[in-house]
Amino acid sequence: MMFTDETKLKLLMEALNIYSPTGGEHELAEFLMELMTMNGFEARIDEVGNVVAVRGSGEPVLWLHAHMDTVPGFIEVRREGNKVIGRGASDDKGPLMAMAIAFMESELSRGTLVLTAVVHEEGDSLALGT
């Protein structure tokens, strides 16, 4: 599976438009779950609120990890030339969406690929659930 550059940009813009300050990440978690399941991948939201998706099995294990929360406040989501602007564009929704897309586009011949989108990094950094 490969996403076009325009689709990748659209997904990033959608994620940026979801307000997700620490403690308010659920809507973004649901967005990621839906994205994964619509594209044929299994993902779950653990008891803490983190999104966890796993592909493959065995060694080596590669872990893609980013956080869903942002500091409070609004920044209008927009494109200015080749720049994308919005709350979380660089910390950490941009990297998160890059990892989610890489997770879905990767071709595994061996090993395990894990994606975690975690809550509360900007706050108290709740531990990963099960």
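Now for a look at the structure at hand. (Residues numbered from 1 in each chain as written. Predicted model: local features only at pLDDT ≥ 70, side-chain atom pairs only at ≥ 80, totals over all residues. Heavy atoms only, no water.)

**Remarks on the overall build of the protein**
Alright, step 1. Helix and strand content of the protein: 3 helices and 6 strands.
Alright, step 2. Helices and strands appear in the protein in the N-to-C order α-α-β-β-β-β-β-α-β.
Alright, step 3. By the compact-globule yardstick of 14 Å for 130 residues, the protein fits well, its C-alpha radius of gyration being 14 Å.
Alright, step 4. Oriented by its inertia axes, the alpha-carbon framework of the protein measures out at about 40 × 35 × 20 Å.
Alright, step 5. Out of the 130 residues belonging to the protein, those deemed buried represent 44%.
Alright, step 6. Residue pairs at least 24 apart in sequence account for 72% of intrachain contacts in the protein once pairs closer than 6 positions are excluded. (Helix = DSSP H or I, 4+ residues; strand = E, 2+ residues; numbered from the N terminus. Rg over C-alpha atoms; globule rule 2.2 N^0.38 Å. Buried < 20%, exposed > 50% of the residue type's maximum accessible area, 1.4 Å probe, protein only. Contact = heavy atoms within 4.5 Å.)

**Some words on the sheet that holds strand E2 (residues 51-57)**
Alright, step 1. Taken in spatial order, the 4 strands line up as E1-E2-E6-E3 in an open sheet, and their pairing is mixed. Of all the strands in the sheet, the pair left with one neighbour each is strand E1 (43-45) and strand E3 (61-67). The average angle at which neighbouring strand axes cross in this sheet is 15°, direction not considered.
Alright, step 2. Pairing geometry for E1 and E2, over 3 bridges, is antiparallel. Bridge pairing in E2 links Ile-45 to Val-51.
Alright, step 3. In the packing of helix H2 (residues 26-38) onto the sheet, contacts are made with E1, E2 and strand E6 (111-118), and the angle to E1 comes to roughly 160°. (Pairing = 2+ DSSP bridges. Axes fitted to C-alpha atoms, helices over the stretch in contact; angles between N-to-C directions.)

**Thoughts on the environment of Gly-86**
Alright, step 1. Residue placement: Gly-86 occurs in the loop between strand E5 (83-85) and helix H3 (93-105).
Alright, step 2. Along the sequence, Gly-86 and Glu-107 sit 21 residues apart, while their C-alpha atoms lie 31 Å from each other.
Alright, step 3. Leave out the neighbours within four places in its chain, and Gly-86 touches Leu-16, Ile-75, Glu-76 and Val-77.

**Quick look at the packing of H2 against H3**
Alright, step 1. Interhelical geometry of H2 versus H3 gives an angle of 20° and a closest axis separation of 11 Å. With respect to each other, H2 and H3 are oriented roughly parallel. Taken as a pair, H2 and H3 cross one another with a handedness that is right-handed. Every residue of H3 that contacts H2 at Leu-28, Phe-31, Leu-32, Leu-35 and Met-36 is listed here: Lys-93, Leu-96, Met-97, Ala-100, Phe-103 and Met-104.
Alright, step 2. Of the residues in the contact of H2 with H3, the class split is 10 nonpolar, no polar and 1 charged. (Parallel < 35°, antiparallel > 145°, perpendicular 65-115°, else oblique. Left-handed = near helix turned anticlockwise from the far one by under 90°. Nonpolar A, V, L, I, M, F, W, Y, C, P; charged D, E, K, R; others polar.)

**Here we look at helix H1 (residues 5-16)**
Alright, step 1. The end-to-end C-alpha separation of H1 is 17 Å, in line with the 16 Å expected for 12 residues at 1.5 Å each.
Alright, step 2. All buried positions along H1 are accounted for by Leu-9, Leu-11, Leu-12, Met-13, Ala-15 and Leu-16.
Alright, step 3. For H1, the secondary structure elements touched by its buried residues are H2, strand E4 (78-80), E5 and H3. (Expected span 1.5 Å × (residues − 1).)

**Describing the packing of H1 against H3**
Alright, step 1. Running from N to C, H1 and H3 point in directions that differ by 135°, and their axes come no closer than 10 Å. Relative to H3, H1 is oriented oblique. Where H1 crosses over H3, the handedness of that crossing is right-handed. Facing H1, whose interface residues are Lys-8, Leu-11, Leu-12, Ala-15 and Leu-16, H3 presents Lys-93, Gly-94, Met-97, Ile-101 and Glu-105.

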